[in-house]
Amino acid sequence: MRYKDYAFVSEIIYRHADKEMGESNRGGERFTNPLSTESLALMEHLRGMGIPIMIHWEMYDWEKDARAFGEFFRRFPDQKFIIPHMGFGSPAQVSEILNRHDNVYMTISKRSVWLPAIKDRTKAAAAPPLSIVDESGKITEEWKNTFTLFSGRLLFATDTHKNYLWEDYPDIIRRYRLLLGQLPGEIAEKIAHSNAEQLYNIQTGADGLQPPRSK
């Protein structure tokens, strides 16, 4: 396998709550300890490859997870990690992780809606509000500050991983254009595409996306 041919590794599930429209697992979730032997062995295998790794960590069990994931990120300081959906975390949680670990990036996918999703009521009650906008579609001040402080490590994404989501794709894009349109142009541009171009080592031009540049 020639690792340089790949833009990133996706998606390693560490903590994922069962959703209302999804599968059911014992305990209402799928969970892998980031400091487990298997997890650390995989990271060692990928060490030095220069490939960002997407990890799925939902932050509804923050007290249990924050220390373990913090140690995980510290053990691999040269590895770039990407957390989808901002971990479904709060502004404070997202800011804490990004402030402490400059090798961590997050996507803003699935954060423009208010829909409840987690099946397990206890887990749902522990999770912060899903949306980064209020009911009128305006970005809250806490989230706007987070976008400003960490504009270089947030990425646009849609997470259209199921067929029915593609049916809603135009509306998804519309919502994110309205969301990013509330931010200063420089910040919106970073989140919309330039952060991803730099992280994934790709170029854009008149002909669209180009293959990864060789190192």
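Residues numbered from 1 in each chain as written. Predicted model: local features only at pLDDT ≥ 70, side-chain atom pairs only at ≥ 80, totals over all residues. Heavy atoms only, no water.

Here we look at the overall build of the protein
Then, in step 1: A count of helices and strands for the protein gives 8 helices and 8 strands.
Then, in step 2: Its C-alpha atoms give the protein a radius of gyration of 17 Å, within 12% of the compact-globule value 17 Å for 215 residues.
Then, in step 3: On the principal axes, the C-alpha backbone points of the protein span a range of 45 × 45 × 35 Å.
Then, in step 4: Considering only residue pairs separated by 6 or more positions, the protein has 68% of its internal contacts joining residues 24 or more positions apart.
Then, in step 5: Accessible surface, the protein as shown: approximately 12200 Å² in total, 51% of it carbon and sulfur.
Then, in step 6: Where the 28 positive side-chain charges of the protein centre and where its 29 negative ones centre are 3 Å apart. (Helix = DSSP H or I, 4+ residues; strand = E, 2+ residues; numbered from the N terminus. Rg over C-alpha atoms; globule rule 2.2 N^0.38 Å. Contact = heavy atoms within 4.5 Å. Areas by Shrake-Rupley, 256 points an atom, 1.4 Å probe, with all protein chains shown as cover. Lys, Arg positive; Asp, Glu negative; His and termini not counted. Charge placed at Lys NZ, Arg CZ, Asp CG, Glu CD.)

What to know about the packing of aromatic side chains
Then, in step 1: Summed over all chains, the structure comprises 13 aromatic pairs.
Then, in step 2: Seen from their ring centres, Tyr-14 and Phe-69 are 5.9 Å apart, and the 85° between their planes marks the pair as edge-to-face. Of this pair, Tyr-14 sits in strand S1 (residues 9-17) while Phe-69 sits in helix H2 (residues 62-75), and the two are 55 residues apart along the sequence. Note on accessibility: Tyr-14 and Phe-69 belong to one class, buried.
Then, in step 3: Between Trp-57 and Phe-73, the aromatic rings sit 6.4 Å apart at their centres with planes inclined by 50°, giving tilted as the arrangement. Taken together, the positions of Trp-57 in strand S3 (residues 53-57) and Phe-73 in helix H2 put the pair 16 residues apart, joining distant regions of the chain.
Then, in step 4: Residue class for Trp-57 comes out buried when judged on its relative accessible area of 1%.
Then, in step 5: Directly above the ring of Phe-31 sits Arg-15, whose terminal nitrogen or CZ lies 3.9 Å from the centroid. (Phe/Tyr/Trp six-rings, centres within 6.5 Å; stacked < 30°, edge-to-face > 60°. Buried < 20%, exposed > 50% of the residue type's maximum accessible area, 1.4 Å probe, protein only. Lys NZ or Arg CZ within 6 Å of the ring centre and 35° of its normal.)

Things to note about the confidence of the model for the protein
Then, in step 1: Per-residue confidence for the protein gives a mean pLDDT of 88, with 90% of residues at or over 70.
Then, in step 2: Considering only residues more than four positions removed or in separate chains, one finds that residues 205-215, a stretch of pLDDT under 50, has 12 contacts. (pLDDT = per-residue confidence, 0-100.)

Topic: the layout of surface pockets
Then, in step 1: Of the volumes computed, that of the largest pocket is approximately 910 Å³.
Then, in step 2: Those elements that place two or more of their residues in the lining of the largest pocket are S1, helix H6 (163-167) and helix H7 (169-180).
Then, in step 3: Examining the composition of the lining of the largest pocket, we find that 4 residues originate from one element, H7, more than from any other. (1 Å grid on protein atoms, 1.4 Å probe; cavity = no way out; pocket = protein on both sides within 12 Å on 5 of 7 lines; lining within 4 Å. Points joined across faces, edges and corners; volume = space filled by probe spheres on them.)

A short note on the nonpolar core
Then, in step 1: The biggest cluster of nonpolar side chains holds 39 residues, and the ones touching the most others in it are Ile-55, Phe-72, Phe-73, Met-106 and Phe-147.
Then, in step 2: No other element matches the 5 residues that H2 contributes to this core.
Then, in step 3: With 8 residues, the next largest nonpolar core counts Met-54, Ile-82, Leu-155 and Ala-196 among its residues. (Core = buried A, V, L, I, M, F, W, Y, C linked by side-chain atoms within 4.5 Å.)

Side note on the side chain of Ser-39
Then, in step 1: Relative to the elements of secondary structure, Ser-39 occurs in helix H1 (residues 37-46).
Then, in step 2: By relative accessible area, which is 5% here, Ser-39 ends up buried.
Then, in step 3: Among residues more than four places away in sequence, those in contact with Ser-39 are Tyr-14, Asn-33, Pro-34 and Phe-72.

Structural notes on the sheet that holds strand S5 (residues 104-107)
Then, in step 1: Across the sheet, which stays open at both edges, the 6 strands sit in the order S2-S1-S3-S4-S5-S6 with mixed pairing between neighbours. Taken across any chain shown, the strands that pair with only one partner, and hence form the sheet edges, are strand S2 (29-31) and strand S6 (154-155).
Then, in step 2: Along the sheet, H1 makes contact with S1, S3 and strand S4 (81-83), crossing S1 at roughly 160°. (Pairing = 2+ DSSP bridges. Axes fitted to C-alpha atoms, helices over the stretch in contact; angles between N-to-C directions.)

Some points on the pairing of S1
Then, in step 1: Summarising the sheet, S1 and S3 pair through 4 bridges and their orientation is parallel. Looking at the pairing, Ile-13 lines up with His-56 of S3.
Then, in step 2: Sheet topology places S1 next to S2; 3 bridges connect them, and they run antiparallel. Pairing of Ala-17 across the sheet is with Glu-29, part of S2.

Focus: the pattern of salt bridges
Then, in step 1: Counted under the stated rule, the structure contains 13 salt bridges.
Then, in step 2: Here Arg-75 ties to Glu-71 by a salt bridge, and the two come within 3.0 Å at their closest N and O atoms. Remark: Glu-71 and Arg-75 occur in helix H2; sequence separation between them is 4 residues, near one turn of the helix.
Then, in step 3: Owing to a relative accessible area of 27%, Glu-71 belongs among the partly exposed residues under this scheme.
Then, in step 4: Ionic pairing is found between Glu-96 and Arg-100, a salt bridge with its closest N-O pair at 3.4 Å. With Glu-96 and Arg-100 both in helix H3 (residues 91-100), this residue pair falls 4 residues apart, about one helical turn.
Then, in step 5: Its relative accessible area of 29% is what places Glu-96 among the partly exposed residues.
Then, in step 6: The exposure class of Arg-100 is exposed, given its relative accessible area of 60%.
Then, in step 7: Salt bridges linked by common partners bring Arg-15, Glu-29, Asp-61, Lys-64 and Asp-65 together as one network. (Salt bridge = Lys/Arg side-chain N within 4 Å of Asp/Glu carboxyl O.)

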